[in-house]
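Here are the chains, one letter per residue:
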Amino acid sequence: VLATAPRPLVDDIAEAVAEAAGRSFLVARITARTIAREVRRPDPRDQRWRDELPRLPGEAMERDLVQRLGSRAAEARDLLRPLAYAQGAGLPWAGVWARLASALSGRTYTDDDIVWLRKQAGSYVVESVDDGGSVYRVYHRALIEYLRENRDTEKVQRSVTRTLQHVDHPYVRRYLALHAGEGGVLDPLVQDARFVLTAAPAQLLTALPGVRTAAGRRAV
């Protein structure tokens, strides 16, 4: 809608977005992208419109998801949330991502849902390569914090740990100890010889301070 707008109007809108975003380029970027998709031209002289502009990354992301996806914005958040708890370079897709989204949300998600997310809100996901395979993460720390907001990290990581224990993937062998340590459930694992022998040594050693029980400390 702004492609044919007069240049002075575009400049005024940009100035309003910049004022609301302050020093956050991330907020300005997401907000500008959202406004560019709006059907009606905004009026930068409208104080109410200016007051409703996002000032925090989470606000900008929420507004963007709702505009794009409407009632399905919650599904996008569910699918993005596991990535906010990923260790290392990111979370693998095959056999892991959809399972964790289901476990953390209480809904059932499949790989088809992830394909939908990549098409509809893929700009929030960064793809990297780890251990020869693709992994995914949320592209900015501020958005990770938003997705984790009002969540009990220990409870979430316990759920992640339980789910990953039923998955056979290199990511599990490398990072399960870190998830379990943050979830306060590392003690049973360090008493399991099979786990100790197959876990990545560096990550396991990093996680060991999370051991809580006398039996766990003896095993360490």
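Shown above is the structure to which this text applies.
About the cut-offs
- Along each chain, residue indices are assigned from 1 in the same order as the chain's sequence is written.
- Local features in a predicted model are, by the rule used here, given only for residues with pLDDT of at least 70; side-chain atom pairs are given and counted only at 80 or more, and totals for whole chains, interfaces and linings are based on all residues.
- Note that the side-chain values use all heavy atoms of the structure and ignore hydrogens as well as water.
- For helices the rule is a DSSP run of H or I covering at least 4 residues; for strands it is a run of E covering at least 2, with both sets numbered from the N terminus onward.
- Working definition: with a 1.4 Å probe on protein chains only, accessible area under 20% of the residue-type maximum means buried, over 50% means exposed, and in between means partly exposed.
- The contact rule is simple, with two residues in contact once any of their heavy atoms fall within 4.5 Å.
- Only the protein chains shown count as cover for residues, and the accessible areas themselves come from Shrake-Rupley with a 1.4 Å probe.
- Geometry of aromatic contacts follows a simple scheme: Phe, Tyr and Trp rings, the Trp one being its six-membered ring, pair when their centres are within 6.5 Å, and the pair is stacked under 30 degrees between planes, edge-to-face over 60, tilted otherwise.
- By definition here, charges over rings are those cases where NZ of Lys or CZ of Arg is within 6 Å of the ring centre and within 35 degrees of the ring normal.
- A strand pair is defined by DSSP finding two or more bridges across the two strands.
- To estimate the expected span of a helix, subtract one from its residue number and multiply by 1.5 Å.
- We count a salt bridge whenever a side-chain nitrogen from Lys or Arg sits within 4 Å of a carboxyl oxygen from Asp or Glu.
- Throughout, an axis means a line fitted to C-alpha atoms (over the contacting stretch in the case of helices), and angles, computed between N-to-C directions, take values from 0 to 180 degrees.

**Student:** Sorry if this is basic, but what is going on with the overall build of the protein here?
**Tutor:** When its secondary structure is counted, the protein shows 14 helices and 3 strands. Looking at the protein as a whole, 47% of its 220 residues qualify as buried. Within the protein, residue pairs in contact and separated by at least 24 positions form 65% of the contacts whose partners lie at least 6 positions apart. Total accessible area on the protein stands at roughly 11,800 Å², and carbon and sulfur atoms take up 50% of it.

**Student:** Would you take a moment to explain the packing of aromatic side chains for this structure?
**Tutor:** With the rule as written, the count across this model stands at 5 aromatic pairs. Taken together, W93, W97 and Y136 form an aromatic cluster joined through their ring pairs. Sitting over the ring of Y124, R33 keeps its end group 5.4 Å from the ring centre. The ring centre of W116 lies 4.1 Å from the NZ or CZ of R72, which sits over that ring.

**Student:** I tried to follow the pairing of strand 3 (residues 133-138) on my own but got confused; where do I start?
**Tutor:** The two faces of a sheet get side chains in turn, since along a regular strand they alternate between them. In this sheet, strand 3 lies alongside strand 1 (residues 91-92) in antiparallel orientation, the contact comprising 2 bridges. Pairing of P92 across the sheet is with V135, part of strand 3. By the bridge criterion, 6 bridges tie strand 2 (residues 125-130) to strand 3 in an arrangement that is antiparallel. What sits directly across from E127, in strand 3, is Y136. Adjacent in sequence and paired antiparallel, strand 2 and strand 3 are bridged by 2 residues, among which D131 carries a positive phi angle near 55°.

**Student:** When you look at unusual backbone geometry in this model, what are you seeing that I'm missing?
**Tutor:** Across the chain, the bulk of peptide bonds are trans and the bulk of non-glycine residues have phi less than zero. Here D131, not a glycine, exhibits a phi torsion of approximately 55°, which is positive. Summarising the element assignment, D131 is placed in the loop between strand 2 and strand 3. A positive phi angle, near 60°, is found at N150, a position not held by glycine. Position of N150 relative to the elements: it lies in the loop between helix 8 (141-148) and helix 9 (153-164). Take N150: its relative accessible area is 77%, and that puts it in the exposed class.

**Student:** What's the story with the environment of A74 in this structure? I'm lost.
**Tutor:** Relative to the helices and strands, A74 resides in helix 5 (residues 73-84). Put simply, A74 and E62 are 12 residues apart on the chain and 9.5 Å apart in space, counted from C-alpha to C-alpha.

**Student:** Sorry if this is basic, but what is going on with helix 5 here?
**Tutor:** In an α-helix, one turn spans 3.6 residues; hence positions three or four apart end up facing the same way. Between its first and last C-alpha, helix 5 extends 16 Å over 12 residues, near the 16 Å set by a 1.5 Å rise per residue. With 11 of its 12 residues buried, helix 5 lies for the most part within the structure.

**Student:** I would appreciate a short explanation of helix 6 (residues 93-105) in the present structure.
**Tutor:** The first and last C-alpha atoms of helix 6 sit 17 Å apart over 13 residues, in line with the 18 Å expected at 1.5 Å per residue. Along helix 6, the residues classified as buried are V96, W97, A98, L100, A101, S102 and L104. Where helix 6 is buried, its residues meet helix 5, strand 1, helix 7 (111-121), strand 2, strand 3 and helix 9. Of the residues trailing helix 6, G106 is marked for its positive phi of about 80°.

**Student:** Help me understand the pattern of salt bridges in this model?
**Tutor:** Where charged atoms from two side chains of opposite charge come close, those side chains can pair. Within this structure, the stated rule accounts for 19 salt bridges. For R107, the salt bridge identified is with D78, shortest N-O distance 3.3 Å. Of this pair, R107 sits in the loop between helix 6 and helix 7 while D78 sits in helix 5, placing them 29 residues apart in sequence. A relative accessible area of 40% places R107 in the partly exposed class. For D78, a relative accessible area of 10% corresponds to the buried category. Among the charged side chains, a network of salt bridges with common partners joins R33, R37, D64 and R68.

**Student:** Would you mind showing me how to read the sheet that holds strand 1 here?
**Tutor:** In a beta sheet, neighbouring strands pair by backbone hydrogen bonds and run either parallel or antiparallel. Reading across from one edge, 1-3-2 is the order of the 3 strands in this open sheet, with antiparallel pairing throughout. Unpaired on one side and paired on the other, strand 1 and strand 2 mark the two borders of the sheet. On the sheet, helix 5 packs against strand 1, strand 2 and strand 3 and is oriented at approximately 105° with respect to strand 3.

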